[in-house]
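Chain by chain, the residues run as shown.
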Amino acid sequence: MTATSATKRPFRWHIAIFLAPAVLVYTAIMIMPLFGTLQLALFRNVSQSQVFVGLDNFRTLFGDPNWSTNFWNALRNNVWFFIIHMLVQNPVGVVLAALLSSPRLRFSAFYRTAIFIPTILSFVIVGFAWKLILSPLWGVAPNLLDLVGLKSLFTPWLGKEEYALTALSLISVWQFIGIPMMLIYAAMLSIPDEVIEAAECDGVTGMAQFWKIKLPLILPAIGIISILTFVGNFNAFDLIYTAQGALAGPNYSTDILGTFLYRAFFGFQLQVGDPNMGAAIATMMFLIILVGVCIYLFLIQTRLRRYQF
Amino acid sequence: MNTKLLTAILLGSSVLCSAGAAFAQDATLTIESWRNDDLAIWQDKLIPAFEAKNPGIKVVFSPSAPTEYNAALNAKLDAGSAGDIITCRPFDASLDLYTKGKLADLTSLAGMENFSDVAKSAWTTDDGKATFCVPMASVIHGFIYNKDAFDKLGITPPATEEEFFAALDKIKADGTYIPMAMGTKDLWEAATMGYQNIGPNYWQGEEGRLALLKGEQKLTDAQWVEPYATLAKWKPYLGDGFEAQTYPDSQNLFTLGRAAIYPAGSWEISVFNTQAQFKMGAFPPPVRKAGDTCYISDHTDIGIGLNAASKNPDAAKTFLSWVASPEFAEIYANALPGFFSLNSTPVKMADPLAQEFVSWRDKCKSTIRSTYQILSRGTPNLENETWVESANVINGTDTPEVAAKKLQDGLDSWYKPAK
């Protein structure tokens with residue numbers, strides 16, 4: 001199938017046929033609902049029928065303080081949720097991967113598995129397990145702190161406005177740390193030995209070797225992880241819902257875009273759901289993620305240098 | 001070979017089953033409910049009692065989790081996959097379903113005459129013309145206490161607020177028990193067991209609630225702010241780390257005998273009866289000064305209605321008429337002490353704690369929760385905000401005045417009372 005044949009090339013049906021299943025399934029379960037949501041956001045329920053209102057739902061979302069305070073609060077919390085992940089999850093993931101790839105470490109397979117296991121647990125299990133661990137009444141956290149004489153440091157973290165969101169972010173970090181670790185571990189293993197040996201001949205060893213040789217080589221992997229974290233965090237919902245409920249207490253301090261969307265779309269307790277406003281919020285989430293991903297693709301990824309061996 | 005055999009067996013059994021169904025011609029009714037705690041009662045007592053009298057109708061009780069019920073039900077109704085019988089939340093959630101044509105009109109259902117207008121109020125249109133759910137039960141708020149603890153410390157159930165706080169002080173000074181089992185993590189405990197429990201004594205029950213609806217009173221008026229001030233005084237009597245204490249935590253603290261007083265709804269009775277190893281008693285929300293009229297929250301909580309899209313409307317109506325009968329009321333109220341029948345025929349109950357709760361109906365004036373009728377129709381939702389602010393007041397995040405102001409501002413933004 002090289003381009004040397006000058007005669008008319010027959011249409012290559014097999015490509016379309018092989019692509020069809022994936023394209024059809026993806027269109028049916030991803031693209032159509034996405035456009036359905038965007039469309040829903042432009043309508044409003046007026047006396048039992050859907051009426052086209054243009055961007056009115058967005059005007060309500062940003063103009064009506066009853067909606068906009070909640071929205072900005074959720075966005076702010078979401079950004080903080082993301083920052084904690086970027087500051088804790090990814091650097092710790094890199095360190096763990098660096099330690100695991102060290103040839104002198106024993107039982108590295110065991111550590112690798114143990115650190116990765118929380119990632120495959122359900123959010124519900126993680127949420128309830130941590131709620132119990134941190135419970136001031138029956139949790140192990142107060143007792144463990146007591147054993148090392150630090151009982152005074154214990155507060156009911158999940159119930160305090162100032163700590164709850166950070167505590168939940170760290171729980172989420174605990175759950176997902178396996179993913180950056182694995183990706184970076186794989187990237188580190190793919191660094192050829194010749195490069196390392198050449199560095200050693202030039203006298204670059206130890207920490208300097210990590211900073212000057214290994215880190216630049218795994219930067220593309222770190223970029224991918226950052227964008228995965230970004231998308232995952234701005235779509236997050238489950239952990240907050242299982243640990244704090246749909247009202248994301250105390251005082252909405254753990255409310256992120258996902259829980260805000262849930263309350264608006266499905267309603268909560270006496271609040272009747274409003275699918276149109278919910279769709280407007282979902283559209284905003286989509287746009288935020290889209291912008292974030294574009295910034296990454298066009299500004300950051302193009303500047304990352306890739307090394308071919 | 002094995003798979004072939006298995007397929008043959010499966011095929012054969014499915015043919016047999018469908019043949020069986022075709023012969024019997026049973027109408028199967030599915031009940032949607034959020035009361036998953038009641039599964040055993042429905043399966044062992046209520047459904048057999050009904051099926052014995054109505055051969056040919058089969059009933060399946062299929063509950064979902066309480067917090068997901070409204071969302072799940074709406075989705076199922078829209079998709080056309082909801083059961084025939086719908087358990088109705090009080091007020092707007094159900095009214096909304098009725099106006100959307102999802103619930104059938106039951107005004108002329110046989111058995112509806114067994115209920116007073118007040119009992120039906122939660123499932124009647126604003127103009128009072130159509131009723132769309134059969135009232136099943138109401139719940140009453142009050143305080144359940146550990147009788148053994150009270151006897152040991154020589155405390156009698158407090159009648160006034162002064163006595164109430166004196167009792168709390170005494171329990172706290174003794175140190176054996178946590179004075180009061182309540183947390184603010186789940187938010188609604190603070191609002192429902194706190195604010196709506198003690199509040200009616202301040203705003204004088206129905207009088208204040210209706211005045212609020214008419215716009216004659218505001219949530220920033222003294223009688224609506226003072227319950228918050230009292231609630232804020234509860235803080236020192238709650239257990240360590242109450243900010244992260246969930247509702248099941250509070251229940252367990254009390255039933256394990258570690259707490260002396262539990263701000264309760266009567267729905268706890270059946271759970272506590274099976275779990276607590278000590279004697280329990282109950283007292284109504286203490287009045288402010290000795291001799292004041294007492295008010296209680298006797299909240300219409302559960303009704304049951306008919307899915308307008310049901311394929312078996314006649315069978316479903318037979319079932320609903322039975323639910324409206326005194327026979328159902330008697331089985332239900334005794335199987336679930338704490339859910340008090342709204343039937344006009346008085347029901348004999350065996351449970352002493354339930355008797356204590358229901359006896360307050362004679363000496364106190366009844367009202368329903370202030371936020372439920374009409375006031376939670378808009379955005380922001382007053383009920384949700386009341387949860388958040390009640391927890392804020394107890395946590396000390398907001399002063400009672402600030403909390404009340406926030407609630408009134410939110411209400412003002414959409415609620416224009418008819419003048």
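Just so we're clear, the structure is a prediction, and the values are computed from it rather than from any experiment.

Chemist: Describe in detail the overall build of chain A, supporting the description with residues and values.
Modeler: Of the regular secondary structure elements, chain A holds 13 helices and four strands. In summary, chain A has a C-alpha radius of gyration of 24 Å against a globular reference of 19 Å for 309 residues, an excess of more than 25%. If one aligns the C-alpha atoms of chain A with their principal axes, the spans along those axes are about 80 × 75 × 30 Å. Counting the 309 residues in chain A, one finds 31% classified as buried. At a minimum sequence separation of 6, the contacts of chain A that also span at least 24 residues come to 65%.

Chemist: Run through the overall build of chain B, naming residues and quoting values.
Modeler: The number of helices and strands found in chain B is 18 helices and ten strands. A principal-axis box enclosing the C-alpha atoms of chain B has dimensions of 75 × 55 × 45 Å. Among the 419 residues that make up chain B, the fraction classed as buried is 50%. In chain B, the proportion of contacts linking residues at least 24 apart, taken out of those at least 6 apart, comes to 78%.

Chemist: I'd love a proper account of the confidence of the model for chain B, names of residues and values included.
Modeler: All names here are of chain B. Of the residues in chain B, 94% reach a pLDDT of 70 or more, and the chain-wide mean stands at 88. Overall, residues 15-24 carries pLDDT values under 50, and its contacts beyond four positions in sequence, including any with other chains, amount to zero contacts. Our summary of model confidence lists the complex with pTM equal to 0.83 and ipTM equal to 0.83.

Chemist: Go over the nonpolar core, please, and point to the residues and values.
Modeler: Within the largest apolar cluster, 162 residues are counted, with the highest numbers of intra-cluster contacts made by Ile281 of chain A together with Met180, Ala259, Phe319 and Leu320 of chain B. Looking at this core, the element that brings in the most residues is strand 4 (residues 133-146) of chain B, giving nine residues. Not counting residues up to four positions away in its chain, the partners in contact with Ile281 of chain A are Leu61, Leu257, Phe260, Leu261 and Ala264 of chain A. Counting residues in hydrophobic clusters, the runner-up holds twelve residues, among them Leu96, Phe176, Ala187 and Ile218 of chain A.

Chemist: An account of the interface of chain A and chain B is requested, with residue identities and associated values reported.
Modeler: Interfaces are often sized by the amount of accessible area the parts lose when they come together. Contact residues are listed per partner, giving 27 residues for chain A and 34 residues for chain B. Looking at the side of chain A that touches chain B, the elements that each hand over two or more residues are strand 3 (267-268) and strand 4 (271-272) of chain A. Taken together, the residues of the side of chain A that touches chain B sort by class into 14 nonpolar, eleven polar and two charged.

Chemist: Lay out the domain arrangement of chain A with the relevant residues and their values.
Modeler: Domain annotation of chain A identifies domain 1 (13-52) and domain 2 (62-121 + 164-303). When grouped by side-chain class, the residues that make up the side of domain 1 of chain A that touches domain 2 of chain A number four nonpolar, two polar and one charged.

Chemist: Lay out helix 18 (residues 400-412) of chain B in plain terms, naming residues and giving numbers.
Modeler: The periodicity of an α-helix, 3.6 residues per turn, causes residues three or four positions apart to be oriented the same way. Between its terminal C-alpha atoms helix 18 of chain B stretches 18 Å, which fits the 18 Å expected from 13 residues at 1.5 Å a residue. Contact partners of the buried residues in helix 18 of chain B: helix 3 (65-100) of chain A together with helix 11 (222-232) and helix 17 (382-395) of chain B.

Chemist: I'd like a description of the packing of helix 8 (residues 188-198) of chain B against helix 17 of chain B, backed by residues and values.
Modeler: Residue and element names in this part refer to chain B. Between helix 8 and helix 17, the shortest axis-to-axis distance is 7 Å and the interhelical angle comes to 85°. If you check the angle between helix 8 and helix 17, you find them roughly perpendicular. Across the interface between the two elements, Trp188, Ala190, Ala191, Gly194 and Tyr195 of helix 8 pack against Thr386, Trp387, Ser390, Ala391 and Ile394 of helix 17. For the contact of helix 8 with helix 17, the per-class residue count stands at seven nonpolar, three polar and no charged.

Chemist: Please provide a residue-by-residue account of the pairing of strand 4 of chain B, values included.
Modeler: All names here are of chain B. For strand 4, the tally of buried residues reaches 14 of 14 residues, placing the bulk of the element in the interior. With seven bridges connecting them, strand 4 and strand 8 (residues 295-306) associate as antiparallel partners. When the bridges of strand 8 are listed, Cys133 appears paired with Gly305. Relative to strand 9 (residues 340-341), strand 4 is paired through two bridges, and the arrangement is antiparallel. Residue pairing for strand 9: Ala137 is matched across the bridge by Ser341. Pairing between strand 4 and strand 6 (residues 259-265): five bridges, direction antiparallel. Across the sheet, the residue bridging to His141 is Gly265, located in strand 6. Of the pairings in the sheet, the one linking strand 4 to strand 7 (residues 280-283) comprises four bridges and is antiparallel in character. Residue pairing across strands places Tyr145 opposite Gly281, the latter belonging to strand 7.

Chemist: Which residues make up unusual backbone geometry, and what values go with them?
Modeler: Residue Pro380 of chain B is bonded to the preceding Thr379 of chain B through a cis peptide linkage, with omega at 0°. Note that Pro380 of chain B resides in the loop between strand 10 (365-367) and helix 17. Positive phi values are uncommon outside glycine, yet Asn251 of chain A reaches one of about 55°. Owing to 20 C-beta atoms within 10 Å, Asn251 of chain A belongs among the buried residues under this scheme.

Chemist: For the environment of Thr107 of chain B, give the residues involved together with the corresponding values.
Modeler: Residues and elements named next belong to chain B. Tracing the backbone shows Thr107 in the loop between helix 4 (92-99) and helix 5 (117-120). Taking the number of C-beta atoms within 10 Å as the measure of exposure, Thr107 has 12 and is therefore exposed. Separated by 41 residues in the primary sequence, Thr107 and Asp148 place their C-alpha atoms 48 Å from one another. Beyond its immediate stretch of four places on either side in the chain, Thr107 contacts Met112, Ala130 and Thr131.

The rules behind the values
- Starting afresh in each chain, residues are numbered from 1 along the sequence in its written order.
- As a convention, the first chain written is A and the first ligand written is 1, with the rest following in written order.
- In keeping with the model being predicted, local features are shown solely for residues with a pLDDT of at least 70 and side-chain atom pairs are shown and tallied solely at 80 or more, while totals for entire chains, interfaces and linings include all residues.
- A run of H or I in DSSP becomes a helix once it reaches four residues, and a run of E becomes a strand once it reaches two; helices and strands are each numbered from the N terminus.
- Computation of the radius of gyration draws on C-alpha atoms, with the globule rule given as 2.2 Å multiplied by the number of residues to the power 0.38.
- Counting other C-beta atoms within 10 Å of a residue's C-beta gives its exposure: the residue is buried at 20 or more, exposed at 12 or fewer, and partly exposed in between, where C-beta atoms are placed from the backbone.
- It is the C-beta atoms, placed from the backbone, that decide contacts: two residues are in contact if theirs lie within 7 Å.
- Confidence per residue, as judged by the predictor, is encoded in pLDDT with a range of 0 to 100.
- Remark: nonpolar core denotes a set of buried Ala, Val, Leu, Ile, Met, Phe, Trp, Tyr and Cys residues whose joining runs through C-beta atoms within 7 Å.
- Put simply, Ala, Val, Leu, Ile, Met, Phe, Trp, Tyr, Cys and Pro go in the nonpolar bin, Asp, Glu, Lys and Arg in the charged bin, and everything else, Gly too, in the polar bin.
- Note that the domain bounds were set by an automatic or database domain assignment.
- One less than the number of residues in a helix, times 1.5 Å, gives the span that helix is expected to have.
- Only the stretch in contact is used when fitting a helix axis, every axis being a line fitted to C-alpha atoms; angles between N-to-C directions are given from 0 to 180 degrees.
- Oblique is the label for any angle not covered by the other classes, which are roughly parallel (under 35 degrees), roughly antiparallel (over 145) and roughly perpendicular (65 to 115).
- When DSSP locates at least two bridges between a pair of strands, those strands are taken to pair.

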